[in-house]
Amino acid sequence: MEAMIMRLKDTGTIRRTHASCGLGLFADTCLRMPHVMLGSLLVYLVLLVPLALSETKPDSMANLETALSATIHPLVPLTALLSFYSVATAFSWTFDRQATDLYGALPVRRRTQFLALLLSSVSAPLVGLLVAWLVSCAILGFGPNVAPMVPWLGVQLLLVVTFSGLSVLCTQAAGRAGTAFLCFMMVGIYAEVVRQLGHALYFLVDPTFGLFLQGVHANATWLSPLARLHQLSLHITGAAESQVPWMSQLWHALGMYALASTLCMGVAAWLFGRRDLERAGDGFVYLAAQELVVALLSLAMGAGLACVLFFMVIGAAKWQLSGVPAPLICLVTTAFTALSYATVTAVAKRSVRSVRGHIPVLAATASIALVASVALGWAGTSNASYIPPASEIKSATMSELSMPITSKSAIKSLRNLHAKLNEARTSSYGAMWKAYSSFDIAYQMKDGSSVIRSYSLPCTEDGTILDTDAAIAVRRFKAKGALDANLRQTVSSMLAGKEEVWVSVDCQDSSNSTDTSYRVSSADYSSLQEKLDADINKNGAARITSVPNESALSLSMSYASPSKGDLTITMVLSEKTTPSTLAWLRERYATTMPALRE
């Protein structure tokens, strides 16, 4: 019984000893980091004190809440760098290649050591933050004016926790400070960089639809905490109409990232317990983490160098018309990835011969680049040649025509034009022109989705479209009677709705940049339709709905209720294109519409 009591007493003594040693280690580490505290204090004082002083002036019109929101944008990258430096300083002895401070020889549990070092690394920047925050609150008088400072402080606390958790995991996984910082930056922005590079490579293969990855993988930035938080901070600096939804999104993102960083701290504690703390140097480095970082960096470098080659060295004019062949993209990206891996490995190991020992990893990295570029090229090639089935198309629009295409005959003709544009694009590889004009086709599908394609038509420097196969196909499509029948059918359908349709005469005054709109009475819709039919038969739908920039008068039709549809038709009102309609409007509304007077 006495032995059992002695064991319990010994256990309690050991626990108190561990706690005491942990506090000592925490205090000793904090004493080694006064420069971190001073640096954070100066940063926050420079940002907060001028705002607080300006708020105390009686004639100040500044909004403290808006001004504090604007400081979040520069503080996101600054907090990330400061948090990593603080963590790297606290854990520097674990990856020192020259010597060790014998912290590993202390009679302290690994968990206690890790918590002491982690708390000291988090406390150092927080000391400067809290002191600067209290000074600013003192300037404001600790009154009601301090209210906006409280949520701002919460944002900064979550930022420190988020980046400290990521930093400590990268430090424990990578070992050395340089590799750990590279790993930290890759965790922060790698997914966003790869998304942008993938979008650029996709645009090279398929210049008709460069926004594919932007729309489908818009949430990829959530995998990059630094990039996502930086993106959200841009929206709360006054660029958006309302900051409320963006602030709520920022709080949500910070909460999720802080939770994930807490899990990262747990993983880092497990890694810390597996380290051999009695030895310094290469034994502390996890070689698998190094290889992974180099491989991921090489993949991004290979894609980036391929983009630089085609965008800057060769130039967009060489491939803008037809795009870059997918096999060439695959070959260039794979070659640059392999070259990047070999270069980074040789520089890191300070020997070209060291690359021989990394041949398997080099081959695996190049294979990943090849598979990714093949998948991207296949998706781009397939997407570029895709034409939606007519049975799934609800309506369509095209450049230079301000009317919807809804009739079956017009949609069939538009799909034939789309096929000819694809043929012209694929048959013009290597062709280069000085200038291009964009021609867009947009399909609105019955399931609510949309399919958009953009083609480049060669033109002269003054904007005149050249007689290429694509341009001739577009002109022939506009000259067909399918568009005329479509416009007549759409106008008849809309005007039959009477009160459900809004018809107006719009006037643009270029002298004072003002727009004036006059509504046409629903009682005159029948007469208006007759005049429009006469003008369509005479001049064609393409001329009537092609509104030039210098046109001062136009006739617009749209549904008054959004539930009825979003179709809008805009037609030119001039003596050349719509003489019958313009003459009738002047006769009927000359007194109420001054813009119609000659």
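You'll find the structure just up there.
Worth saying up front: this structure is predicted, and the values here are computed from it rather than measured.

Student: Help me understand a nonpolar patch on the surface in this model?
Tutor: There is a patch of nonpolar side chains on the surface, built from Val308, Phe311, Met312, Val313 and Ile314 and spanning about 470 Å² of accessible area. In this fold, Ile314 is placed in helix 10 (residues 287–315). Residue Ile314 is classed as partly exposed on the basis of its relative accessible area of 41%.

Student: Is there a simple way to explain helix 2 (residues 34–56) in this structure?
Tutor: Because an α-helix completes one turn every 3.6 residues, residues spaced three or four positions apart along the sequence face the same direction. Over its 23 residues, helix 2 extends 31 Å from the first C-alpha to the last, a length consistent with the 33 Å expected when each residue adds 1.5 Å. Leu45 marks where helix 2 bends most, by close to 30 degrees. When helix 2 is considered as a whole, its buried residues turn out to be Val36, Ser40, Tyr44, Leu48, Val49, Leu51 and Ala52. Of the surrounding secondary structure, the elements contacted by the buried residues of helix 2 are helix 3 (64–90), helix 4 (110–140) and helix 5 (149–174).

Student: Which parts of the structure should I look at to understand the packing of helix 13 (residues 408–426) against helix 14 (residues 469–479)?
Tutor: Two measures define how a pair of helices packs: the angle their axes make with one another and the distance between the axes. Close contact between helix 13 and helix 14 brings their axes to 9 Å; oriented N to C, the two are set at 170 degrees. Overall, the two elements helix 13 and helix 14 adopt an arrangement that is roughly antiparallel. For the pair helix 13 and helix 14, contact is made by Ala410, Ser413, Leu414, Leu417, Lys420, Leu421 and Ala424 and by Asp469, Ala470, Ala473, Val474 and Phe477, respectively. Here the contact of helix 13 with helix 14 is built from residues that sort into nine nonpolar, one polar and two charged.

Student: How do you make sense of the pattern of salt bridges when you look at a structure like this?
Tutor: Close approach of charged atoms allows side chains of opposite charge to pair. For the structure shown, the criterion picks out four salt bridges. Of the charged contacts in the structure, one is a salt bridge between Arg475 and Asp467, with a shortest N-O distance of 2.5 Å. Arg475 gets classed as partly exposed once you look at its relative accessible area, which sits at 40%. By relative accessible area, Asp467 is classed as exposed at 59%. Of the charged contacts in the structure, one is a salt bridge between Glu575 and Arg586, with a shortest N-O distance of 2.8 Å. You can see Glu575 sitting in the loop between strand 8 (568–572) and helix 18 (579–589) and its partner Arg586 sitting in helix 18, a full 11 residues away along the chain.

Student: Where do I start with the packing of aromatic side chains in this structure?
Tutor: Here the distance between the centres and the angle between the planes together describe a pair of aromatic rings. Scanning the model with the defined rule gives nine aromatic pairs in all. Geometrically, the ring pair formed by Tyr44 and Trp152 is edge-to-face, given 6.3 Å between the ring centres and 90 degrees between the ring planes. Here Tyr44 is found in helix 2, whereas its partner Trp152 is found in helix 5, with 108 residues between them in sequence. By relative accessible area, which is 2% here, Tyr44 ends up buried. Relative accessible area serves as the criterion here: at 3%, Trp152 is assigned to the buried category. Their ring planes at 50 degrees and their centres at 5.8 Å tell us that Phe91 and Phe114 sit as a pair that is tilted. One end of the pair, Phe91, is in the loop between helix 3 and helix 4; the other, Phe114, is in helix 4, and 23 residues separate them in sequence. You can call Phe91 buried: its relative accessible area is 0%. Judged by relative accessible area, Phe114 falls into the buried class, the value being 3%. Grouping aromatic residues by their ring pairs yields a cluster made of Phe84, Phe163, Phe181 and Phe184.

Definitions and limits used
- Residues numbered from 1 in each chain as written.
- Predicted model: local features only at pLDDT ≥ 70, side-chain atom pairs only at ≥ 80, totals over all residues.
- Heavy atoms only, no water.
- Patch = residues over 30% accessible without salt bridge, like charges linked within 9 Å, V, L, I, M, F, W, Y side chains within 5 Å.
- Areas by Shrake-Rupley, 256 points an atom, 1.4 Å probe, with all protein chains shown as cover.
- Salt bridge = Lys/Arg side-chain N within 4 Å of Asp/Glu carboxyl O.
- Helix = DSSP H or I, 4+ residues; strand = E, 2+ residues; numbered from the N terminus.
- Buried < 20%, exposed > 50% of the residue type's maximum accessible area, 1.4 Å probe, protein only.
- Expected span 1.5 Å × (residues − 1).
- Bend = angle between axes of the 7 residues up to and from the residue.
- Contact = heavy atoms within 4.5 Å.
- Axes fitted to C-alpha atoms, helices over the stretch in contact; angles between N-to-C directions.
- Parallel < 35°, antiparallel > 145°, perpendicular 65-115°, else oblique.
- Nonpolar A, V, L, I, M, F, W, Y, C, P; charged D, E, K, R; others polar.
- Phe/Tyr/Trp six-rings, centres within 6.5 Å; stacked < 30°, edge-to-face > 60°.

Keep in mind these numbers describe shape, not what the thing actually does.
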